[in-house]
Amino acid sequence: MAKANITHRDIVAQIRQQEYKPIYLLMGEEAYYIDRISEYIVDNVLTKDEQDFNQTVIYCTRETNVADVINYARRYPMMAKYQVVIVKEAQNLLKIDELAIYAQNPMETTILVICYKSGKTDGRKKLIQAVEKVGIVFESPKLKEGMLPQFITDYLRRKQISIEERACLMIAESVGADLNRMAGELDKLVLALPTGQTRVTPDLVEQHVGISKEFNLRELRTAVSNKDMTKVNKIVFHFDQNPKANSPVATVSMLFNFFAQVMLAYYSPDKTERGMMAQLDLRLNWQLREYTTAMRNYTALKTMRIIGKLRETDARLKGINRGNLTDADIMHELFFYILH
């Protein structure tokens, strides 16, 4: 029986203990954990010699036949206890539910891994119900913005590396929720650390990830939260000079998400630190500081009006009621409205 709310670490731990399931259905919008689990199975279930005859990777297209997948799964291993069949891009597989026929009577000597990215199969589908009885159903949802700093911190901690709070926020804001890209950027920083240094700093991020430590969306967000007009104006002027690196649309999107969270904080029934973190789905206490700071500087009514202004600004940037205004004109008007 599949374990409810099983994590990728739970699955890796089971595999490390050689506790294998005949079927793993890995699905969801976040490809990172799906890739990590399938790669771990590929690297650890069979020896290198066993892999030559007993490991099959199927890349599904719209033409891939479910019957062919089942035929691979029903083969016996050669000179090994198990065979591993990895089904990549299973979301392209037409009639995927027909795999439920195999799941009803899976081979004990086969480990079938179904990688279904970009969403999940319908919870009522026969395949999920069949796999739950004999194997593992794992869902990998897209990480929310508030969870990114925790991911960054945990990822580096496993490599015995720490990171300064400001550097962590710079990476989270710049890279976003693409965890495969995030992992790549973090690996790059680890390799770039000078000998003997075990802490990632904003200077290192600026040098190797290409993010200005002074003029970026994270610093702008902090300045807006603090209602620091001087710093906001400096950053906005820098953005004016570098429009390709600092898209007005991306800036508006960041501000909209931020003030939407501030509005959500106002509606929190529990105004304690724990209650507010739960309301905003945050993992680290320092993530809450900017929101509580913004609540001191912007009333709930002003916050609601700013959200409305951001919607209007987004429309104008896309050409609606724009007149002869440039992007810079529109953005300067927006920040004047926010700060006054």
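The model shown is predicted, which means the values in this text are computed figures rather than measured ones.

Asker: Break down the overall build of the chain for me, with residues and values.
Answerer: Scanning the chain for helices and strands turns up 17 helices and seven strands. For the chain, the C-alpha atoms occupy an extent of roughly 75 × 50 × 40 Å along the three principal directions. For the chain, buried positions account for 50% of its 340 residues. Put simply, 74% of the contacts in the chain that link residues at least 6 apart link residues at least 24 apart. Surface accessibility of the chain: about 17600 Å² in total, with carbon and sulfur atoms responsible for 50%. Placing the 46 positive and 42 negative side-chain charges of the chain at their respective mean positions leaves the two points 4 Å apart.

Asker: Account for the pattern of salt bridges, naming residues and giving values.
Answerer: Summed over the entire model, instances satisfying the criterion amount to 18 salt bridges. For the salt bridge of lysine 144 with aspartate 281, the shortest nitrogen-to-oxygen distance reads 3.2 Å. Of the two residues, lysine 144 sits in the loop between β5 (136-139) and α7 (148-157) while aspartate 281 sits in the loop between α14 (273-280) and α15 (289-297), which places them 137 residues apart along the sequence. Each of the salt bridges in this network shares a partner with another, and the network as a whole consists of Lys309, Glu312, Arg316 and Glu333.

Asker: Which residues make up the pairing of strand β2 (residues 55-59), and what values go with them?
Answerer: The sheet contact formed by β2 and strand β3 (residues 83-88) spans five bridges and is parallel. Of the residues in β3, the one forming a bridge with isoleucine 58 is valine 87. Handedness of the crossover is the feature at issue here: the chain leaves β2, passes through helix α4 (residues 66-73), returns alongside β3, and the resulting connection is right-handed.

Asker: Before we move on, can you summarise helix α17 (residues 327-339) with the specific residues and values?
Answerer: Helix length check: α17, at 13 residues, gives a terminal C-alpha distance of 19 Å against a target of 18 Å (1.5 Å per residue), a fit within 8%. Along α17, the residues that are buried comprise Ile330, Met331, Leu334, Phe335, Ile338 and Leu339. Considered in projection along α17, the buried side chains sweep an arc of 155° and stay on one side of the axis. Where the residues of α17 are buried, they touch α11 (217-226), α12 (229-241), α13 (248-266) and α16 (300-317).

Asker: Outline α7, listing residues and values.
Answerer: For an α-helix, the turn length of 3.6 residues means that residues three or four places apart are oriented alike. Taken across its 10 residues, α7 has nine buried, putting it largely inside the fold. Taken as a whole, α7 has its buried residues at Leu148, Pro149, Gln150, Phe151, Ile152, Thr153, Asp154, Tyr155 and Leu156. Packing partners of the buried residues in α7 comprise α1 (8-16), α2 (31-44), β6 (162-163), α8 (165-175), α9 (179-192) and β7 (199-200).

Asker: For the packing of aromatic side chains, give the residues involved together with the corresponding values.
Answerer: Per the counting criterion, the structure on display carries seven aromatic pairs. Between tyrosine 32 and phenylalanine 151, the ring centres sit 5.4 Å apart and the planes meet at 85°, which makes this aromatic pair edge-to-face. Separated by 119 residues along the polypeptide, tyrosine 32 in helix α2 and phenylalanine 151 in helix α7 bring together distant segments of the chain. Phenylalanine 151 carries the same exposure label as tyrosine 32, and that label is buried. Plain terms: the ring middles of phenylalanine 258 and phenylalanine 259 are 5.3 Å apart, the flat faces sit at 70° to each other, and that makes the pair edge-to-face.

Asker: With reference to specific residues and values, describe the environment of aspartate 203.
Answerer: Following the sequence through the fold, aspartate 203 ends up in helix α10 (residues 202-209). Spatially, the C-alpha atoms of aspartate 203 and leucine 339 are 29 Å apart, while their sequence positions differ by 136 residues.

Asker: Could you give an account of the layout of surface pockets, with specific residues and numbers?
Answerer: A volume near 910 Å³ is recorded for the largest pocket. Lining the largest pocket are 45 residues; nearest its centre among them are Leu169, Glu173, Ser174, Leu217 and Arg218. When residues of the lining of the largest pocket are traced back to their parent elements, those giving at least two are α7, α8, α11, α13 and α15. Per-class residue counts for the lining of the largest pocket are 17 nonpolar, 18 polar and 10 charged. Estimates place the volume of the second largest pocket at around 460 Å³. If you trace the second largest pocket, you find 21 residues lining it, with Thr7, His8, Tyr33, Leu143 and Met147 closest to the centre. Those elements that provide at least two residues to the lining of the second largest pocket are α1, β5 and α7. Per element, the largest residue contribution to the lining of the second largest pocket is four residues, and it comes from α7. A breakdown of the residues in the lining of the second largest pocket according to their chemical character gives eight nonpolar, five polar and eight charged.

Reading guide: rules and limits
Residues numbered from 1 in each chain as written. Predicted model: local features only at pLDDT ≥ 70, side-chain atom pairs only at ≥ 80, totals over all residues. Heavy atoms only, no water. Helix = DSSP H or I, 4+ residues; strand = E, 2+ residues; numbered from the N terminus. Buried < 20%, exposed > 50% of the residue type's maximum accessible area, 1.4 Å probe, protein only. Contact = heavy atoms within 4.5 Å. Areas by Shrake-Rupley, 256 points an atom, 1.4 Å probe, with all protein chains shown as cover. Lys, Arg positive; Asp, Glu negative; His and termini not counted. Charge placed at Lys NZ, Arg CZ, Asp CG, Glu CD. Salt bridge = Lys/Arg side-chain N within 4 Å of Asp/Glu carboxyl O. Pairing = 2+ DSSP bridges. Right-handed = clockwise from strand over helix to strand, strands pointing away. Expected span 1.5 Å × (residues − 1). Arc of directions from axis to C-beta. Phe/Tyr/Trp six-rings, centres within 6.5 Å; stacked < 30°, edge-to-face > 60°. 1 Å grid on protein atoms, 1.4 Å probe; cavity = no way out; pocket = protein on both sides within 12 Å on 5 of 7 lines; lining within 4 Å. Points joined across faces, edges and corners; volume = space filled by probe spheres on them. Nonpolar A, V, L, I, M, F, W, Y, C, P; charged D, E, K, R; others polar.

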